[in-house]
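Structural overview for review
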Amino acid sequence: MEWWKEGVFYQIYPRSFKDSNGDGIGDLNGIREKLDYFSWLGIDALWICPFFKSPMVDFGYDISDYTDVDPIFGNLDDFKALLHEAHKRNIRIIIDQVYNHTSDKHPWFIESKSSRNNSKSDWYLWRSPKSNGEPPNNWVSLFSGEKAESAWTWDENRKQYYLHLFAKEQPDLNWQNEGLRRAIYDSMKFWLDIGVDGFRFDAASHFYKAIENNIIKGPQIKKSLFESSRDEYYWDPFTARPQTLLEIENIRRFMDSYPEKVSIGEVSSDMGLCLYLMFTIPGRFNIAFNIDFLEKLSFDAANIRALSETLDKFFGTRAWPSYVTGNHDNRRILSRMAGEMHVDFEDKKKISKLFATLLLTLRGTPFIYYGEELGMEDTYIPRDRVMDPWGKALWPKPGRDPSRTPMQWDSSKFSGFSDFEPWLPVNENKVDVNVEKEMNDPNSVLNFYKKLLQMRKNYESLRTGSMEFLDIDNDLLAYKRDGDITIAIVLNFSNGSKLIDTNKLSGKIVMSNYPDHVLKPKEIRPFESLLIEM
Ligand code: GLC
Ligand code: CA
């Protein structure tokens, strides 16, 4: 079985993980200092968000040099040292490649905009205005918030517009250009030769676009990145999409010339599952992030069953599923699920563990977002500390900063993240929610994750077994994982106790998110999660 099917990934937002040199911003040496934490926890692979040279308008998702490290994060030797130390511990590292766009400070863009006839003039999506001076279509930049600004910015020098699906400092690349494509593959080769274990491909469903005559129809100009129905704007189903998919096949062929690499696509649209499958059938990406699951998740057993059962049947043996409950673009899982519930700290811990059980026992590769293993919550960000470009446009609605605050290593002023004021505020709950305290508490969320990850290592069924849902009770989500042995997972999404029908569920309870649990299943308590060896 491929390692990336059995393994558990952990997502690091490098600015916020660990600062090694006291400038308030996390860095590569900080991650290296903490590698033993991952060995202790039982993590198989790290996905590190972009740490390449960047003006940081979108905190690294605006790259100005694909093959160098930004000095804020360290240098190339620091990365090599990190990779080497990680590999010594059997931890793989995948990096985040942003190939839909660059920074407007990338030398490619600077050359491209210098004239209409330089060697890179066609590397970006330049268009002349329509006869009335307007941009070629009415697409809206995803980061412009309520203002719904055009995705086209005028350049006085070329007297043309360039396209940017995201901020205007993130011009979109023209994948139709062969020279550009060669440069992209060269940068992939650079990192594969250094020894990275794979890539996360940012915004990979947007590589090729159908610009001409692709006008947003009707009144629904979508204003938010996450409520949008983007396909109809960026994709023409009969031209653009097949080109993107063919490109993914080329990328995959290229990566397969190296052993054991993984390719993970961030592909997003309202088409959800269909799109994921299209991008991950054999010969394409290995995995697509299941962001649909993340976005539609609610505190509701029937809904979660519908989401995961549909996906599991649909994927079957055609492609390999994945599960995501949090990332750097969304609110933290605990805040989304329990934020409005008026529950106390003990219940919050149970709820964190409940969703951890879900994430780590569904059939598919799980991605843990940093800090979720502690039960971290969204942090309130006052207006003068908003950093996220999209958050600035959305104000007073929160953007993406609340889930990007410093990792909570201990209860000290800056939570052991840094000796200096961090770039985003530390959550007040660091006093209770931190690695040091939780390591020493057998009933912590952290120790629960560790135990669950160990369970996955012990039980092949949890990693690769088939999955079958059981009809038990509307408030309970129950499913079996079948492999070497059968494990049933029962999750109570209500705040009341429920009796368990022992005809349907008999066996030995091997894990619960309550510290005290019986051996034989009889009843399941509020927010309880059970693993039963059948
Ligand atoms: C992806 C990233 C997001 C970034 C955007 C533009 O959606 O996850 O953080 O802002 O692409 O690169
Ligand atoms: Ca630093």
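For clarity, every value in this text was computed on a predicted model and none was experimentally measured. (Residues numbered from 1 in each chain as written. Chains lettered and ligands numbered in written order. Predicted model: local features only at pLDDT ≥ 70, side-chain atom pairs only at ≥ 80, totals over all residues. Heavy atoms only, no water.)

**With respect to the overall build of the chain**
Looking only at helices and strands, the chain has 17 helices and 20 strands in total. Relative to the 2.2 N^0.38 estimate, which gives 24 Å for 534 residues, the radius of gyration of the chain is 23 Å and therefore close to what a compact globule would have. Oriented by its inertia axes, the alpha-carbon framework of the chain measures out at about 75 × 50 × 45 Å. Within the chain, contacts between residues separated by at least 24 positions form 69% of all contacts whose residues are at least 6 apart in sequence. In the form shown here, the chain has an accessible surface area of approximately 20,200 Å², with 50% of it arising from carbon and sulfur atoms. Taking the average location of the 68 positive side-chain charges in the chain and that of its 80 negative ones, the two points are 2 Å from each other. (Helix = DSSP H or I, 4+ residues; strand = E, 2+ residues; numbered from the N terminus. Rg over C-alpha atoms; globule rule 2.2 N^0.38 Å. Contact = heavy atoms within 4.5 Å. Areas by Shrake-Rupley, 256 points an atom, 1.4 Å probe, with all protein chains shown as cover. Lys, Arg positive; Asp, Glu negative; His and termini not counted. Charge placed at Lys NZ, Arg CZ, Asp CG, Glu CD.)

**Re the packing of helix α13 (residues 345–361) against helix α16 (residues 445–458)**
Contact geometry for α13 and α16: axes closest at 10 Å, N-to-C directions at 20°. The angle between the axes of α13 and α16 places the two elements in the roughly parallel class. Judged by the sense of rotation from one axis to the other, the crossing of α13 with α16 is right-handed. The residues of α16 that touch α13, namely those facing K349, S352, K353, A356, T357 and L360, are V445, F448, Y449, L452, L453 and R456. Taken together, the residues that form the contact of α13 with α16 break down as seven nonpolar, two polar and three charged. (Axes fitted to C-alpha atoms, helices over the stretch in contact; angles between N-to-C directions. Parallel < 35°, antiparallel > 145°, perpendicular 65-115°, else oblique. Left-handed = near helix turned anticlockwise from the far one by under 90°. Nonpolar A, V, L, I, M, F, W, Y, C, P; charged D, E, K, R; others polar.)

**Notes on the site of ligand 1**
Taken together, D58, Y61, H101, F143, F166, R200, D202, E266, H328, D329, R400 and R404 form the complete shell of residues around ligand 1. The side chain of H328 places a nitrogen or oxygen atom 2.9 Å from an oxygen atom of ligand 1. For ligand 1, the accessible surface in isolation is 310 Å², of which the surrounding protein chains cover 97%. (Near = heavy atom within 4 Å. Polar contact = N/O pair within 3.5 Å; in protein donor to acceptor, adjacent residues only side chain to side chain.)

**Considerations on α16**
Within an α-helix, residues lying three or four positions from one another point in the same direction, as the helix has 3.6 residues per turn. With 14 residues, α16 extends 20 Å from end C-alpha to end C-alpha; this agrees with the ideal 20 Å at 1.5 Å per step. Along α16, the residues classified as buried are V445, L446, N447, F448, Y449, L452, L453, M455 and R456. (Expected span 1.5 Å × (residues − 1). Buried < 20%, exposed > 50% of the residue type's maximum accessible area, 1.4 Å probe, protein only.)

**Structural notes on the domain arrangement of the chain**
Structurally, the chain comprises domain 1 (3–101 + 177–453), domain 2 (107–163) and domain 3 (466–533). Measuring from the centre of the C-alpha atoms in domain 2 to the corresponding centre in domain 3 gives 56 Å. (Domains from an automatic or database assignment.)

**Some points on the sheet that holds strand β16 (residues 486–492)**
If you trace the five strands from one edge of the open sheet to the other, you get β14-β15-β16-β20-β18, paired in antiparallel fashion. Each edge of the open sheet carries a strand with a single partner, namely β14 (466–469) and β18 (508–512). Geometrically, the sheet is characterised by an average inter-axis angle of 25° between neighbouring strands, direction not taken into account. Pairing of β16 with strand β20 (residues 529–533) involves five bridges; the strand directions are antiparallel. Bridge pairing in β20 places L491 opposite S529. Of the strands in this sheet, β18 and β20 touch α16, which is tilted by about 135° from β18. (Pairing = 2+ DSSP bridges.)

**What to know about the packing of aromatic side chains**
Here a ring pair, both rings aromatic, is described through the centre-centre distance and the interplanar angle of the planes. If you walk through the whole model with that rule in mind, you get 46 aromatic pairs. Between F279 and F285, the aromatic rings sit 6.2 Å apart at their centres with planes inclined by 20°, giving stacked as the arrangement. One exposure class covers both F279 and F285, and it is buried. Here the aromatic residues Y66, Y99, W108, W123, F199, F201, F279 and F285 are joined through ring pairs into a cluster of three or more. One residue, R15, lies across the ring of W423, its end atom 4.3 Å from the ring centre. (Phe/Tyr/Trp six-rings, centres within 6.5 Å; stacked < 30°, edge-to-face > 60°. Lys NZ or Arg CZ within 6 Å of the ring centre and 35° of its normal.)

**Digging into the packing of helix α4 (residues 76–88) against helix α6 (residues 178–194)**
Direction vectors running N to C along α4 and α6 enclose 50°, while the axes themselves pass 11 Å from each other. When the axes of α4 and α6 are compared, the pair comes out oblique. Judged by residue contacts, L76, F79, K80 and L83 of α4 engage F190, W191 and I194 from α6. Counted by class, the contact of α4 with α6 contains six nonpolar, no polar and one charged residues.

**Quick look at the coordination of the calcium ion (ligand 2)**
Looking at the calcium ion (ligand 2), one finds its protein donor set to be D19 (OD), N21 (OD1), D23 (OD), I25 (O) and D27 (OD), positioned 2.3 to 2.4 Å from the metal centre. Of note, the calcium ion (ligand 2) draws all its donor residues from one chain, in the sequence arrangement D-x1-N-x1-D-x1-I-x1-D. Looking at D23, the relative accessible area reads 34%, which means it is partly exposed. (Donors = N, O, S within 2.8 Å, 3.2 Å for Na, K, Ca; no water.)

**Let's talk about the side chain of S494**
Turning to its location among the elements, S494 is positioned in the loop between β16 and β17 (498–499). A residue is classified by how much of its surface remains accessible, and S494, at 11% relative accessible area, is buried. From its side chain, S494 meets the backbone oxygen of G496 in a polar contact 3.2 Å long. Excluding residues within four positions of it along the chain, S494 makes contact with D475, P526 and F527.

**Observations concerning the environment of Y66**
Turning to its location among the elements, Y66 is positioned in strand β4 (residues 65–69). The class for Y66 is buried, based on a relative accessible area of 2%. For the pair Y66 and T102, spaced 36 residues apart in sequence, the C-alpha separation works out to 8.9 Å. Apart from residues no more than four positions distant in its own chain, Y66 is found in contact with F52, V98, Y99, H101, T102, H106, W108, L173, I184, S187 and W191. Side-chain polar atoms of Y66 contact the backbone oxygen of V98, separated by 2.7 Å.

**Some remarks on the pattern of salt bridges**
Scanning the model with the defined rule gives 42 salt bridges in all. In this structure, D256 and R252 form a salt bridge, with 3.0 Å as the shortest nitrogen-oxygen distance. In this structure, K437 and D432 form a salt bridge, with 3.0 Å as the shortest nitrogen-oxygen distance. Taking relative accessible area as the criterion, K437 reaches 41% and is therefore assigned partly exposed. Residue D432 is classed as partly exposed on the basis of its relative accessible area, which comes to 35%. The network of salt bridges with common partners includes D58, D329, D388, R400 and R404. (Salt bridge = Lys/Arg side-chain N within 4 Å of Asp/Glu carboxyl O.)

**Considerations on the nonpolar core**
Grouped together as the largest cluster of nonpolar side chains are 142 residues, with contacts concentrated most on Y10, L46, F79 and F355. Membership of the second largest hydrophobic core comes to 15 residues, among which are L125, W139, L165 and L394. (Core = buried A, V, L, I, M, F, W, Y, C linked by side-chain atoms within 4.5 Å.)

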